[in-house]
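Listed below, chain by chain, are the residues.
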Amino acid sequence: MHKVSAIKTVRSNNLISRLKEQKWLFVLMLPAFIATLLFSYGPMFGLYMAFTNYQPGGGSFLYQFFHAEFVGFQWFEYFFTTGDFYRVMRNTLATSLLTLFFGFPAPIILALVLNEARQGFFKRFVQTVSYLPHFISWVIAANIVITLLASDGMLNNILVLLGIVKEPVAFLQNGPLFWWIIALSNMWKEMGFSAIMYLAAIASINPELYEAARVDGASRFKQMWHITLPSMRPTIVILAILAVGGILNAGFEQQYLLQNNTVLEYSEVIDIYAYKYGLQNSMFSYGAAVGMFKSVVAFILVLIVNRISRKVNDQALF
Amino acid sequence: MILNRFGDRIFKIIVYFILILVLLVTFLPFWNILVLSLNSAEDTVRGGVYLWPRDLTLDSYQQILKDSEILNGLWVTVKRTLIGAPLSVLVITMLAYPLSRRNLVGRKGWNLYFIFTMYFSGGLIPFYMVLKALNMIDTFSVFILPSLMNVFYMIIVRTFMEQLPHEIEESARVDGANDLTIFFRIVMPLTTPVLATIGLFQAIGHWNAWFDSYAFTYSSDLKTLQAVLVKILNQFQTGGMISQSQMLANSAKRNAVSSDTIRMAATMVATLPIVMVYPFLQKYFVKGMTLGAVKS
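Please read all numbers here as calculations on a predicted model, not as lab measurements.

Engineer: Looking at this structure, how should I read the overall build of chain A?
Structural biologist: Per the secondary structure count, chain A includes 17 helices and two strands. For 318 residues, the compact-globule estimate of 2.2 N^0.38 gives 20 Å, and chain A exceeds it by more than 25% at 26 Å. Here chain A holds 318 residues, and the buried ones make up 49% of them. Looking at chain A alone, contacts between residues at least 24 apart form 66% of all its contacts between residues at least 6 apart. Surface exposure of chain A reaches about 15900 Å², of which carbon and sulfur atoms provide 66%. If you average the places of the 22 positive and of the 16 negative side-chain charges in chain A, the two averages end up 13 Å apart.

Engineer: For this particular structure, what's the right way to read the packing of aromatic side chains?
Structural biologist: Inspection of every chain in the model, using the stated rule, returns 65 aromatic pairs over all chains. An angle of 15 degrees between the planes, with centres 6.0 Å apart, marks the rings of phenylalanine 221 of chain A and tryptophan 225 of chain A as stacked. Separated by four residues within a single helix, phenylalanine 221 of chain A and tryptophan 225 of chain A lie in helix α12 (residues 220-231), roughly one turn from each other. You can call tryptophan 225 of chain A partly exposed: its relative accessible area is 47%. Ring centres 5.7 Å apart and planes at 75 degrees place the aromatic pair phenylalanine 299 of chain A and phenylalanine 120 of chain B in the edge-to-face group. In this pair, phenylalanine 299 of chain A is assigned in helix α17 (residues 284-313) and phenylalanine 120 of chain B in the loop between α5 (107-119) and α6 (124-133), connecting two distinct chains. What makes phenylalanine 120 of chain B buried here is its relative accessible area of 14%. Among the aromatic side chains, those forming a connected cluster through ring pairs are Tyr54, Phe252, Tyr256, Tyr275 and Phe284 of chain A together with Phe127, Tyr128, Trp210, Phe211, Tyr214 and Phe216 of chain B. A cation over an aromatic ring shows up here: lysine 79 of chain B above the ring of phenylalanine 140 of chain B, its NZ or CZ 5.1 Å from the ring centre.

Engineer: Mind showing me how you'd approach the environment of tyrosine 63 of chain A here?
Structural biologist: Residues and elements named next belong to chain A. For tyrosine 63, the location among the structural elements is in helix α3 (residues 61-67). For tyrosine 63, a relative accessible area of 47% corresponds to the partly exposed category. Sequence separation of tyrosine 63 and isoleucine 144 is 81 residues, and the distance between their C-alpha atoms is 46 Å.

Engineer: Please clarify how the packing of helix α4 (residues 74-81) of chain A against α17 of chain A should be interpreted in this entry.
Structural biologist: Helix-helix packing is described using two parameters, namely the angle between the two axes and the distance between the axes. Residue and element names in this part refer to chain A. At a minimum axis separation of 9 Å, α4 and α17 run at an interaxial angle of 75 degrees. When the axis of α4 is compared with that of α17, the two are roughly perpendicular. Within the contact between the two elements, α4 uses Trp75, Phe76, Tyr78, Phe79 and Phe80 and α17 uses Ser285, Tyr286, Ala289, Val290, Met292 and Phe293. In the contact of α4 with α17, the residues fall into ten nonpolar, one polar and no charged.

Engineer: Would you mind going over the interface of chain A and chain B with me for this structure?
Structural biologist: A common way to report how large an interface is uses the accessible area buried once the components associate. With 92 residues of chain A at the contact, the number on the chain B side is 95 residues. Summed over both sides, the interface of chain A with chain B buries roughly 8900 Å², with 78% coming from carbon and sulfur. Together, Leu28, Phe39 and Phe135 of chain A form the three largest contributors to the area buried by chain A at its contact with chain B, with a combined 9%. Counting the contacts that link chain A with chain B gives zero salt bridges.

Engineer: Can you help me understand the nonpolar core in this one?
Structural biologist: It is characteristic of soluble globular proteins that their nonpolar side chains tend to be buried jointly. By size, the foremost hydrophobic cluster in this structure holds 145 residues, and its most contacted members are Phe135 of chain A together with Phe114, Met154, Phe216 and Phe285 of chain B. Built from parts of two domains, this core gets at least three residues from each of domain 1 (2-38) and domain 2 (85-312) of chain A. Setting aside chain neighbours within four positions, we find phenylalanine 285 of chain B in contact with Tyr131, Phe135, Phe193 and Ile196 of chain A together with Thr197, Leu200, Phe201 and Tyr278 of chain B. The next biggest cluster of nonpolar side chains, apart from the first, holds 28 residues, and it includes Ile108, Met191 and Ala195 of chain A together with Leu23 of chain B.

Engineer: I tried to follow unusual backbone geometry on my own but got confused; where do I start?
Structural biologist: If a residue is not glycine, its phi is most likely negative; likewise, a peptide bond is most likely trans. Phi is positive for serine 282 of chain A, which is not a glycine, with a value near 55 degrees. Mapping serine 282 of chain A onto the fold places it in the loop between α16 (270-280) and α17. Positive phi outside glycine occurs at aspartate 138 of chain B, with the angle close to 65 degrees. Mapped onto the secondary structure, aspartate 138 of chain B falls in the loop between α6 and α7 (141-144).

Engineer: In this structure, what is going on with the domain arrangement of chain A? I would like to understand it.
Structural biologist: Taken domain by domain, chain A holds domain 1 (2-38) and domain 2 (85-312). A separation of 44 Å is found between the C-alpha centroids of domain 1 of chain A and domain 2 of chain A.

Engineer: Teacher, can you tell me more about the side chain of glutamine 22 of chain A here?
Structural biologist: As for its position among the elements, glutamine 22 of chain A is in the loop between α1 (2-21) and α2 (23-46). A distance of 2.7 Å separates a polar atom in the side chain of glutamine 22 of chain A from the backbone oxygen of asparagine 103 of chain B. Leave out the neighbours within four places in its chain, and glutamine 22 of chain A touches Asn103, Leu104, Val105 and Asp179 of chain B.

What counts as what
- Residues numbered from 1 in each chain as written.
- Chains lettered and ligands numbered in written order.
- Predicted model: local features only at pLDDT ≥ 70, side-chain atom pairs only at ≥ 80, totals over all residues.
- Heavy atoms only, no water.
- Helix = DSSP H or I, 4+ residues; strand = E, 2+ residues; numbered from the N terminus.
- Rg over C-alpha atoms; globule rule 2.2 N^0.38 Å.
- Buried < 20%, exposed > 50% of the residue type's maximum accessible area, 1.4 Å probe, protein only.
- Contact = heavy atoms within 4.5 Å.
- Areas by Shrake-Rupley, 256 points an atom, 1.4 Å probe, with all protein chains shown as cover.
- Lys, Arg positive; Asp, Glu negative; His and termini not counted.
- Charge placed at Lys NZ, Arg CZ, Asp CG, Glu CD.
- Phe/Tyr/Trp six-rings, centres within 6.5 Å; stacked < 30°, edge-to-face > 60°.
- Lys NZ or Arg CZ within 6 Å of the ring centre and 35° of its normal.
- Axes fitted to C-alpha atoms, helices over the stretch in contact; angles between N-to-C directions.
- Parallel < 35°, antiparallel > 145°, perpendicular 65-115°, else oblique.
- Nonpolar A, V, L, I, M, F, W, Y, C, P; charged D, E, K, R; others polar.
- Buried area = accessible area lost by both parts, 1.4 Å probe.
- Salt bridge = Lys/Arg side-chain N within 4 Å of Asp/Glu carboxyl O.
- Core = buried A, V, L, I, M, F, W, Y, C linked by side-chain atoms within 4.5 Å.
- Domains from an automatic or database assignment.
- Polar contact = N/O pair within 3.5 Å; in protein donor to acceptor, adjacent residues only side chain to side chain.

Encoded structure:
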């Protein structure tokens, strides 16, 4: 008995002395700790308002917050039973799935193709230019997309010249087409930059593998198919986990900036819906509930996909 | 083997075809905007200006230089970029160093505390409420404080620090340096390449941000360049839907004919600084991204 408590005090002394020793490390961490507490954990705590009937005005904010009437899951039920739920989920999933379908393979293909090009100015130039759209804001990207797709824009001009269409197409006034435009513009914007991760994976492949394949008479395509692509698998799996986890993150900026009155039925994804009701119409509790639904489902999705991937592939984020 | 060589040649043609396609698809839209911004407004309305200006003029850029709303937006954007980016780099680095130390008390717990925020968030409305409770709505601080921390960038810096040789630190400790001195005098200077990377990312983030200005500020002198651009874009978007007369009323301040080319010129003004900066820092951020990818 004596021995155990002796060890314990030694250990706690040890802890205290280590804390004292590391005091400056904790001082360094303090600003980030506070910023995260306020701006990340603060809103999580604020999710309480999704279960109340928060009404702005009269008295201080915190008073209103704590004295709002508790209504349980009423706002969630309201969201699920209005017709809005179906439409918003349809738009969110349609946009997400199309974005995945175009956006996920594109950087893989670009990385493979870049890897096959000869080292030189042309390759570096293509790479530099392909990063560019990632670094501009969606405001600028939306300006570019709208200009490009206008009825007198460059794309319509090309299509008419080639005889693919007779009349210019009103791309941005066509509801279902809106999802495709979001997906393709997303691909345009992020393809080059996402390829960096895959190029890094390719760079770490042992060159002896290629030599051996060449001796066996494998063509360039076969080398790519049987060596390069399988070597990228870990990276592909990790990024796939992240992508599936973010399936409800259909985006906000793209839709918000590209939409117009004729496509509202198709452009309203879950984030825009929460913003519209929560901030524009001041239904704060409802907006918080819709946002919470999204966060919780997304979090569960990440956990599930992560677990599956660990079982099947022996690879996981955490 | 001969068959292989033939196949390889076709393969090569396909490879270069795809690369040229990627090049054109990414480059041409930007070029088109530039050309339109350099074409006179009256001529642009007639359509058909794509790859080369038909009536070259700097009119729209001159108009922008006279537009107080755009100029003020530019000033707010420059201010938030110059203040926000260095501050957040400092905060992120100050966190990354303790977390890179294997002997830090509660290291696992701290990591969990920060990394959890990457996967779960309170969402927009509660975030707005926090800003409101902190009296940050409609102040400049709303641009700076919420974006101080970024867990993903912290992981990049931490990974880099973990690979630094520890002997230098140890010898400094023997010489009596404390953790603060070691951090500011030794670790931070050694980390410069990665700090440049995340500094660039944060600076571009600030330069591009519009939503905080759009949704959390009301006064016109707090509108960033991108938020002003959103306003011009909205006018244009609804302009296409409603009647010509309403459009004229909407853009009474800006000449209706030229509003289109003003939009192009403003887009170019917001794009050019990025185009000029990022190619020089490219090799840093590629390295930084790959570093982060290894561990996260």
